[in-house]
Amino acid sequence: MNTAPSTFVYVTYIRTTPEKLWEALTQPEFTRAYFFGCTIETEWTTGATWKLVDPEGEIKDGGEILEIEPPRRLVLKWRNAFKPELMAEGDSRLTYELEPEDGLVKFTVLHEMDKPESKVIRAVSNGWPMILSSLKTLLETGAALDGSAPCGASGSLKSKLENKDH
Amino acid sequence: MTATDKTDFVYSILIRTTPEKLWEALTTGDFSEKYWFGFHVNFDLKPGGKMQILPPKGMEAHGDHAGEVLECEPGRKLVYTWQQADPAEIAAKRNGLSRVTYELFPMGDSVKLLLQHENLLSEDVNNDPTTFKGINNGWPAVLSSLKSLLETGEAMTFKSTCQA
């Protein structure tokens, strides 16, 4: 098995469907609620560029989509866009895998860098568990965790989630 | 061959609950049966106290994980040793029992649970993503189910193919 020199892997199980989880991972009304108020701007096709934009319009991270198979798999290049020591490391690789299982989705996040002791991987290792915990709470209860969005951005997405025809 | 073939597992999860409720769920057998594949935890919550994670019917081959509490600060920190039911060749490689630490950090309306499982062997990690065998596969399922139980009142049940 090939493991990159610096790796962060996180598995969580969420009571949802792959389609709902995929929507929450990609659509702005959801990402604002659990991903520090940020949205992802991209065409969502292979080869497309993407950027993670914060509520002030600042680009935090960006890169290129390498593989996209909704609602099961997403692989992209990820580079930090605002911290010089993180930008200097270049592209890391992020993989989302969504595995359906009897009313649940097993969601695996793998974030890798091709150099040992990567500062990028150390930084994201602190962020991902909080983001993914808030995402799980959002999908299972209709409201994200406090502190994962600026005031007012979490709103109530329960009705949106319940009315979706998935 | 390196002198120590050691590996650690670290997992952090944020749960909308109170430290008291999370502590109770982590240390009480009636709760653990709901989220921990039916296993019943039994802690004598003081340093030197006995610890067991008793298997449900049909999974007795797992053994009772008999270990010992090393540190106990209710609502804040629990450290205990963990014994696996090892085949002989793996038991021979062990350098002492592995050690589990739970740390609870209040964060607004939530609690961050930091889990560390240390002094493991590389054999304790299972790279097959379709099984719950392996420390790296078991913990995320148990803690995801614990989170769902505390936040929604309902723990998770997993398909039987995943029963180790």
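These remarks concern the structure in this document. (Residues numbered from 1 in each chain as written. Chains lettered and ligands numbered in written order. Predicted model: local features only at pLDDT ≥ 70, side-chain atom pairs only at ≥ 80, totals over all residues.)

Some points on helix α4 (residues 135-152) of chain B
For α4 of chain B, built from 18 residues, the straight-helix expectation of 26 Å at 1.5 Å per residue is met to within 8% by its first-to-last C-alpha distance of 26 Å. Looking only at α4 of chain B, the buried set comprises I135, G138, P140, A141, V142, L143, S144, S145, L146, K147, S148 and L150 of chain B. Tucked into the core, α4 of chain B has its buried residues touching β1 (6-14) and α4 (119-141) of chain A together with β1 (7-15), α1 (19-27), α2 (29-35) and β7 (110-120) of chain B. Immediately beyond the C-terminal end of α4 of chain B, within one or two residues, lies G153 of chain B, with a positive phi of roughly 85 degrees. (Helix = DSSP H or I, 4+ residues; strand = E, 2+ residues; numbered from the N terminus. Expected span 1.5 Å × (residues − 1). Buried ≥ 20, exposed ≤ 12 C-beta atoms within 10 Å, placed from the backbone. Contact = placed C-beta atoms within 7 Å.)

Topic: the pairing of β1 of chain A
Residues and elements named next belong to chain A. By the criterion of burial, β1 is predominantly enclosed, with 7 of the 9 residues buried. Sheet topology places β1 next to strand β7 (residues 104-113); 9 bridges connect them, and they run antiparallel. The residue of β7 that forms the bridge with S6 is M113. (Pairing = 2+ DSSP bridges.)

Overview of the sheet that holds β7 of chain A
Residues and elements named next belong to chain A. Strand order in the open sheet made by the 7 strands is β1-β7-β6-β5-β4-β3-β2, with antiparallel pairing throughout. Bordering the open sheet on either side are β1 and β2 (39-42), each of which pairs with just one other strand. Strand-to-strand twist of the sheet, defined as the mean angle between neighbouring strand axes without regard to direction, takes the value 25 degrees. As judged from the 9 bridges shared by strand β6 (residues 92-101) and β7, these two strands associate in the antiparallel manner. Bridged to L98 within β7 is F107. Across the sheet, α4 touches β1, β5 (73-80), β6 and β7, and the angle it forms with β1 is around 10 degrees. (Axes fitted to C-alpha atoms, helices over the stretch in contact; angles between N-to-C directions.)

Regarding the packing of α4 of chain A against α4 of chain B
Put simply, α4 of chain A and α4 of chain B touch, their axes get as near as 11 Å, and they point 50 degrees apart. Considering their axes alone, α4 of chain A and α4 of chain B lie oblique with respect to each other. For the pair α4 of chain A and α4 of chain B, the crossing hand works out as right-handed. Facing K136, T137, E140 and T141 of chain A of α4 of chain A, the residues of α4 of chain B in contact are K147, S148, E151 and T152 of chain B. Tallied by class, residues from the contact of α4 of chain A with α4 of chain B come to no nonpolar, 4 polar and 4 charged. (Parallel < 35°, antiparallel > 145°, perpendicular 65-115°, else oblique. Left-handed = near helix turned anticlockwise from the far one by under 90°. Nonpolar A, V, L, I, M, F, W, Y, C, P; charged D, E, K, R; others polar.)

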